[in-house]
Amino acid sequence: AKDWLNIEKAPTLGSLHGNVLLVEFWATWCGPCIESIPHLNELQRKYADKGFKILSFTEQNRQGIENFLKHTPMDYSIGLESDATFDRYGVTGIPQAFLVNGSGKIVWEGNSGDKTLESAVQAALKIN
């Protein structure tokens, strides 16, 4: 990402090591993406203190996202102008998300609004 919101400094592999990560791709013009935001906010609130982090990537710029956030709060990190990141992950449609366990293995993939995501997060965090 060229820039970040909702995070003090850009994350590094070292700073993320050992965490369970949801790497999500979205846009403000995508209805299903917008519908998933409350679900992702809830997951962030419930599991952040257990080692869960969301890195949400959009190709859009800071001004557009800041305007969007005035009406739709997002409680997790947003990577801006991330077109190269979309390509790197092979993302051709949105919303798209990948759940990565603490060992760096992708353990779930799908629509970030899918209700099965929470059980996958719990399994990755080893919460019964």
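Sequence order as written defines residue numbering, which begins from 1 separately in each chain. Totals for whole chains, interfaces and linings use every residue, but because this is a predicted model, local features are given only for residues with pLDDT of at least 70 and side-chain atom pairs only at 80 or more, for both listing and counting. To get the side-chain values, take all heavy atoms of the structure and skip hydrogens and water.

**Q** Can you walk me through the overall build of the protein in this structure?
**A** Helix and strand labels come from DSSP, where a helix needs a run of H or I of at least four residues and a strand needs a run of E of at least two; each type is numbered from the N terminus. In terms of helices and strands, the protein carries 5 helices and 6 strands. In sequence order, the secondary structure elements of the protein are arranged as β-α-β-α-β-α-β-α-β-β-α. Restricting the calculation to C-alpha atoms gives the radius of gyration, and the globule rule supplies 2.2 Å times the number of residues raised to the power 0.38. Taking 14 Å as the expected radius of gyration for a compact globule of 128 residues, we find that the protein reaches 13 Å, a close match to that expectation. Principal-axis analysis of the C-alpha atoms places the extent of the protein at approximately 40 × 30 × 25 Å. Only protein chains enter the accessibility calculation, which uses a 1.4 Å probe. A residue is then buried if its area is under 20% of the maximum for its type, exposed if over 50%, and partly exposed in between. Each of the 128 residues in the protein was classed as buried or not, and the buried ones make up 46%. For the protein, long-range pairs separated by at least 24 residues make up 68% of all intrachain contacts whose partners lie at least 6 apart in sequence. Note on areas: Shrake-Rupley, 1.4 Å probe, and residue coverage restricted to the protein chains presented here. Carbon and sulfur atoms provide 49% of the accessible area of the protein, an area that totals close to 7000 Å². With 12 positive and 15 negative side-chain charges, the protein shows a spacing of 6 Å between the two charge centroids. Residue contacts follow a heavy-atom distance rule, with two residues in contact if any of their heavy atoms lie within 4.5 Å. We treat Lys and Arg as the positive residues and Asp and Glu as the negative residues; His and chain ends play no part in the count. Here the site of a charge means atom NZ of a Lys, CZ of an Arg, CG of an Asp or CD of a Glu.

**Q** What is the right way to read the nonpolar core from this model?
**A** Within soluble globular proteins, side chains that are nonpolar tend to cluster in buried spots. Here, nonpolar core means buried Ala, Val, Leu, Ile, Met, Phe, Trp, Tyr and Cys residues that are tied together by side-chain atoms lying within 4.5 Å of each other. In this structure, Leu22, Phe52, Met74, Ile78 and Leu99 are the most contacted members of the largest nonpolar core, which totals 27 residues. Those elements giving two or more residues to this core turn out to be strand S2 (20–25), helix H2 (31–47), strand S3 (52–57), helix H3 (62–69), strand S4 (77–80), strand S5 (96–100) and helix H5 (116–125). In this structure Ile78 touches Asp3, Trp4, Leu5, Asn6, Trp26, Ser56, Thr58, Ile65 and Leu69, once residues within four positions along its chain are discounted. Of all hydrophobic cores here, the second largest spans 11 residues; its members include Leu21, Val23, Phe86 and Val100.

**Q** Whenever I open this one, the packing of aromatic side chains confuses me. Can you help?
**A** The relation between two aromatic rings is expressed through the spacing of the ring centres and the mutual angle of the planes. Side-chain rings of Phe, Tyr and Trp, where Trp is taken by its six-membered ring, are said to pair if the distance between their centres is within 6.5 Å; with planes under 30 degrees apart they count as stacked, over 60 as edge-to-face, and otherwise as tilted. With the rule as written, the count across this model stands at 7 aromatic pairs. Seen from their ring centres, Tyr89 and Phe98 are 5.8 Å apart, and the 35° between their planes marks the pair as tilted. We classify Tyr89 as partly exposed; its relative accessible area is 40%. A residue is classified by how much of its surface remains accessible, and Phe98, at 7% relative accessible area, is buried. Aromatic rings pair up to connect Trp4, Phe25, Phe57, Tyr89 and Phe98 into one cluster.

**Q** Honestly, a negative patch on the surface in this entry has me stumped. Any pointers?
**A** Patches here are clusters of residues that have more than 30% relative accessible area and form no salt bridge, with a 9 Å joining cutoff for like charges and a 5 Å cutoff for nonpolar side chains (Val, Leu, Ile, Met, Phe, Trp, Tyr). Salt bridge, as used here: a side-chain nitrogen of Lys or Arg that lies within 4 Å of a carboxyl oxygen of Asp or Glu. There is a patch of like negative charges on the surface, built from Glu59, Glu81, Asp83 and Asp87. Looking at where Asp83 falls in the secondary structure, it is placed in helix H4 (residues 83–89). Classification of Asp83 by relative accessible area gives partly exposed; the value is 42%.

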